[in-house]
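Below, each chain spelled out in residue letters.
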Amino acid sequence: MADTTEQAKPFAHAALQSLSDEEEALSAHLKFGQRKYIKCCGCFTAFLLILAVTILVLFFTVFHVKEPVIRINTLTLNPERLLTNGAFRTNTNVTLVADISVKNPNYASFKFNNGTTTVFYGGKVVGEGRIPSEKAEGRRTTHMNITVNMNPDEILKVPSWVTDVISRVMTMNTSTAIDGKVKIFNNIKKKFAVQVNCTITYNLSSLNIQQNCTPHFL
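For clarity, every value in this text was computed on a predicted model and none was experimentally measured. (Residues numbered from 1 in each chain as written. Predicted model: local features only at pLDDT ≥ 70, side-chain atom pairs only at ≥ 80, totals over all residues. Heavy atoms only, no water.)

Chemist: I'm lost on a positive patch on the surface in this one. Help?
Modeler: Taken together, the side chains of K111, K181, K183, K189 and K191 define a basic patch exposed on the protein surface. Here K181 is to be found in strand 10 (residues 169-184). (Patch = residues over 30% accessible without salt bridge, like charges linked within 9 Å, V, L, I, M, F, W, Y side chains within 5 Å. Areas by Shrake-Rupley, 256 points an atom, 1.4 Å probe, with all protein chains shown as cover. Salt bridge = Lys/Arg side-chain N within 4 Å of Asp/Glu carboxyl O. Lys, Arg positive; Asp, Glu negative; His and termini not counted. Charge placed at Lys NZ, Arg CZ, Asp CG, Glu CD. Helix = DSSP H or I, 4+ residues; strand = E, 2+ residues; numbered from the N terminus.)

Chemist: I'm lost on unusual backbone geometry in this one. Help?
Modeler: Note: most residues except glycine have negative phi, and most peptide bonds are trans. Residue P79 follows N78 across a cis peptide bond; omega there is -5°. Tracing the backbone through its elements, the reader meets P79 in the loop between strand 1 (69-78) and strand 2 (83-84). Phi at L207 takes a positive value of approximately 65°, unusual for a residue other than glycine. Summarising the element assignment, L207 is placed in the loop between strand 11 (188-203) and strand 12 (209-217). Note on L207: relative accessible area 19%, which makes it buried. (Buried < 20%, exposed > 50% of the residue type's maximum accessible area, 1.4 Å probe, protein only.)

Chemist: Whenever I open this one, the pairing of strand 9 (residues 140-150) confuses me. Can you help?
Modeler: The side chains of a regular strand alternate, first on one face of the sheet and then on the other. Pairing between strand 4 (residues 94-104) and strand 9: 11 bridges, direction antiparallel. What sits directly across from V97, in strand 9, is T147. (Pairing = 2+ DSSP bridges.)

Chemist: When you look at the state of the cysteines in this model, what are you seeing that I'm missing?
Modeler: What we call a disulfide is simply a covalent bond connecting the sulfur atoms of a pair of cysteines. Overall, the coordinates contain 1 disulfide when judged by the stated rule. Here C198 pairs with C213 through a disulfide, and the sulfurs are 2.0 Å apart. Its torsion about the S-S bond being 110°, the disulfide of C198 and C213 is classed as right-handed. Of the two residues, C198 sits in strand 11 while C213 sits in strand 12, which places them 15 residues apart along the sequence. (Disulfide = S-S within 2.5 Å.)

Chemist: Explanation requested: the confidence of the model for the chain in the structure shown.
Modeler: Any segment with low pLDDT has predicted coordinates that should not be analysed in fine detail. For the chain, per-residue confidence averages 81 on the pLDDT scale, and residues scoring 70 or more make up 76% of the total. Helix 1 (residues 2-60) is the least confidently modelled element of the chain, averaging 61 in pLDDT, while strand 6 (residues 115-121) averages 96, the highest of any element. (pLDDT = per-residue confidence, 0-100.)

Written out as structure tokens, the structure is:
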């Protein structure tokens, strides 16, 4: 009877040892799965953070569209001397050449259509020039020279012309306007219409031109 009891003890010990090994294996498996789960959660969280930062950067850079700015840098009158012996030179072409720049502050390009530069004298239109369609690349400034043909007959019709000749000072106004689109990834488009107005003071004696320009958005 004692032999049977002694033989049962090794079997019981072996069963307990096998159960302990299974528990350790199960525990190790659970710990591995837990570590894998934590690692996956960490990677997913890091991905979400990177995605959020990328969206924020794009929102404040590429997708943050600003208005382009148009400027009149210089104006040149040709011929410079409009008067000969006190009389207006109607026998020659009078042109106003405007050095225009279009500044695009966006990362995407700004493509604008044909525009106009109009010259007013005494409230009347005395000249007009065409601005060709062009594209201002992202974060770049495009320069153009626009020629405005003046109409001498219209200038002579202005009532203040005689007074201006006596005072030797002519005051004119110009208006330059363009419209176009800023494209982002060829899908997102935002339209803009920009304009710059200038007041020109032309001294008939010194032949100097002074200008005061104010850009604004339509």
